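Remarks on the overall topology
Below are the chains, spelled out letter by letter.
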Amino acid sequence: MIYADYNATAPVRPEAKAAMMAALEVGANPSSVHGPGRAARKLLETARTQVSVAIGARAQDIVFTSGGTEANALALNGVVAQLEGKCTLLVSAIEHEAVIKNAGYAGVPMETAYVTADGVLDLNWLRDRLERWDQAQDGTPILALMMANNETGVIQPVSEAATMLREAGGLTHCDAVQGLGKTMVNVNLLGVDYLALSAHKVGGPQGVGALWVRSGAPLKPVLFGGGQERSLRSGTENLSGIAGFGAAAEAAIRDMAKLQALAPLRDKMEARLVAEAGVTVFGTGAERLPQTSNFAVPGFRAETQVMAMDLAGVAVSSGSACSSGKVKRSLVLGAMGVPDDLSDSAIRVSFGWDSKPEDFDNVADAWIEAMRRAKP
Ligand code: PLP
């Protein structure tokens, strides 16, 4: 089996497995004051340092959560609560549902920040909107802009946008779940106020994530209880998961150059698919993650492709992987103005830390063969 669905979940790295096993052996609560408790606390704080180093942050500004979804939910609901609703959320049209839906339910006005045909936030739109901002009526502007898109891999102009927000007296939240380990994610260079991460996209376990919060940025907890994580996220920490996250984040940064070296292989694969099958590749006019490819050919439906590829021993996904396993039309491609017939046949191929150079040719072979069978 060739696994080419890293943007859905990356296989767990050996370093993460080892760290998780070690944490399970400790078997104590990091809040306990006895020896085993202190050993657990040490592992927790080691992982906090590993994750913070990966994004150029201070360890004390990391809040561990149950994943990327919860990190996004905490940022958006937490800032709205602290500002007592006196704000408007500007949400890029290509955000993950974990951002769009939490923003939609946050109880304050939400506006869509448009993207160009290449799937990049339209900075001219943002500048215009902020120039017209009426603080008395709209409150504080809060932008939600992802680091890189999960479907197309298109990297967003986060630092430029965050500068505009800061100059307008606003705040920026960045969902960097797909960015970590694939492109540089540094909170100081980005200049954002909140940044969400997820372990399972970098080779850690599922169900663990983190929110980085700039010191002094407004944030109220949304979950109450024992006061863990500086009272910003109560609940006994998922120690083994967090230990796995720390080890995976460290390994992902160590291996980033290797991942970036996949770009020419991905580009060669795409060039072949264009030449031999006339596919349209999305987002090629923009800077993209090195290991993501999203392409389509009209009339060859995405679900048919995913099944045909699975039979050929290649795991890929259609658009964004969604929990029900059902294929939904991609909002991301829609926001880029891709016509429905093309968007309905878009599939995403994504590689990662354990991909082999020959995987790219093998994926292209399998896809071309599947298309020839489907459309003789
Ligand atoms: N944000 C982005 C961009 C994602 O790709 C994902 C995962 O699909 C999430 C958030 C959600 O993360 P998690 O699965 O850890 O809740």
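On a predicted model such as this, the values are computed, not experimentally measured, just so you know.

**Observations concerning the sheet that holds strand β9 (residues 280-281)**
Overall, antiparallel pairing links the four strands, which are arranged β9-β10-β13-β12 in an open sheet. Both outer strands of the open sheet, β9 and β12 (317-318), are each paired with one neighbouring strand and no more. Note that β9 and strand β10 (residues 292-296) share two bridges and pair antiparallel. Note on β10: the bridge partner recorded for threonine 280 is alanine 296. Sitting on the sheet, helix α11 (residues 263-277) touches β9 and β10, and the angle it makes with β10 is about 10°. Running over the sheet, helix α12 (residues 302-311) touches β12 and β13 (346-350) and is turned about 40° from β13.

**Things to note about α12**
Every buried residue of α12 is accounted for by Ala302, Gln305 and Met309. What you see down the axis of α12 is that its buried residues fit within an arc of 60°, all on one side. In α12, the exposed positions that point more than 90 degrees away from the buried face belong to Met307 and Leu311. Each element contacted by the buried residues of α12 is listed here: β11 (314-315), β12, β13 and α15 (357-374). Immediately beyond the C-terminal end of α12, within one or two residues, lies glycine 313, with a positive phi of roughly 85°.

**Some remarks on empty space enclosed by the protein**
In the structure shown here, the tally under the stated rule is one cavity of 30 Å³ or more. In this structure, the largest cavity spans a volume of roughly 110 Å³. Here the residues of the lining of the largest cavity sort into nine nonpolar, three polar and four charged. Looking at which domains feed residues into the lining of the largest cavity, each of domain 1 (2-10 + 258-374) and domain 2 (14-254) supplies at least three.

**Considerations on the site of the ligand**
Close contacts around the ligand come from 13 residues, with Gly68, Thr69, Asp175, Ser198 and Lys201 the closest. Measuring from an oxygen atom of the ligand, one finds a backbone N or O atom of glycine 68 at 2.8 Å. Here lysine 201 contributes a side-chain N or O atom positioned 2.7 Å from an oxygen atom of the ligand. A total of 390 Å² of accessible area belongs to the ligand in isolation, and the protein chains cover 86% of it. With three residues, the single largest contributor to the shell around the ligand is helix α3 (residues 68-82). Residue composition of the shell around the ligand, by class: two nonpolar, nine polar and two charged.

**With respect to the domain arrangement of the chain**
Here the domain parsing of the chain yields domain 1 (2-10 + 258-374) and domain 2 (14-254). Taking only C-alpha atoms, the centre of domain 1 and the centre of domain 2 are 27 Å apart. Each partner contributes residues to the interface: domain 1 has 28 residues there, and domain 2 has 27 residues. Across the domain 1/domain 2 interface, buried area totals approximately 2,300 Å², and carbon plus sulfur atoms make up 54% of it. Per-residue buried area on domain 1 facing domain 2 is highest for Leu289, Val332 and Met336; these three make up 26% of the total on that side. There are zero salt bridges connecting domain 1 and domain 2. Between domain 1 and domain 2 we count 16 residue pairs in polar contact (both at pLDDT 80 or more) in total. Contributions of two or more residues to the side of domain 1 that touches domain 2 are made by α10 (256-260), β10 and α13 (331-335).

What counts, and at which threshold
Residues numbered from 1 in each chain as written. Predicted model: local features only at pLDDT ≥ 70, side-chain atom pairs only at ≥ 80, totals over all residues. Heavy atoms only, no water. Pairing = 2+ DSSP bridges. Helix = DSSP H or I, 4+ residues; strand = E, 2+ residues; numbered from the N terminus. Contact = heavy atoms within 4.5 Å. Axes fitted to C-alpha atoms, helices over the stretch in contact; angles between N-to-C directions. Buried < 20%, exposed > 50% of the residue type's maximum accessible area, 1.4 Å probe, protein only. Arc of directions from axis to C-beta. 1 Å grid on protein atoms, 1.4 Å probe; cavity = no way out; pocket = protein on both sides within 12 Å on 5 of 7 lines; lining within 4 Å. Points joined across faces, edges and corners; volume = space filled by probe spheres on them. Nonpolar A, V, L, I, M, F, W, Y, C, P; charged D, E, K, R; others polar. Domains from an automatic or database assignment. Near = heavy atom within 4 Å. Polar contact = N/O pair within 3.5 Å; in protein donor to acceptor, adjacent residues only side chain to side chain. Areas by Shrake-Rupley, 256 points an atom, 1.4 Å probe, with all protein chains shown as cover. Buried area = accessible area lost by both parts, 1.4 Å probe. Salt bridge = Lys/Arg side-chain N within 4 Å of Asp/Glu carboxyl O.

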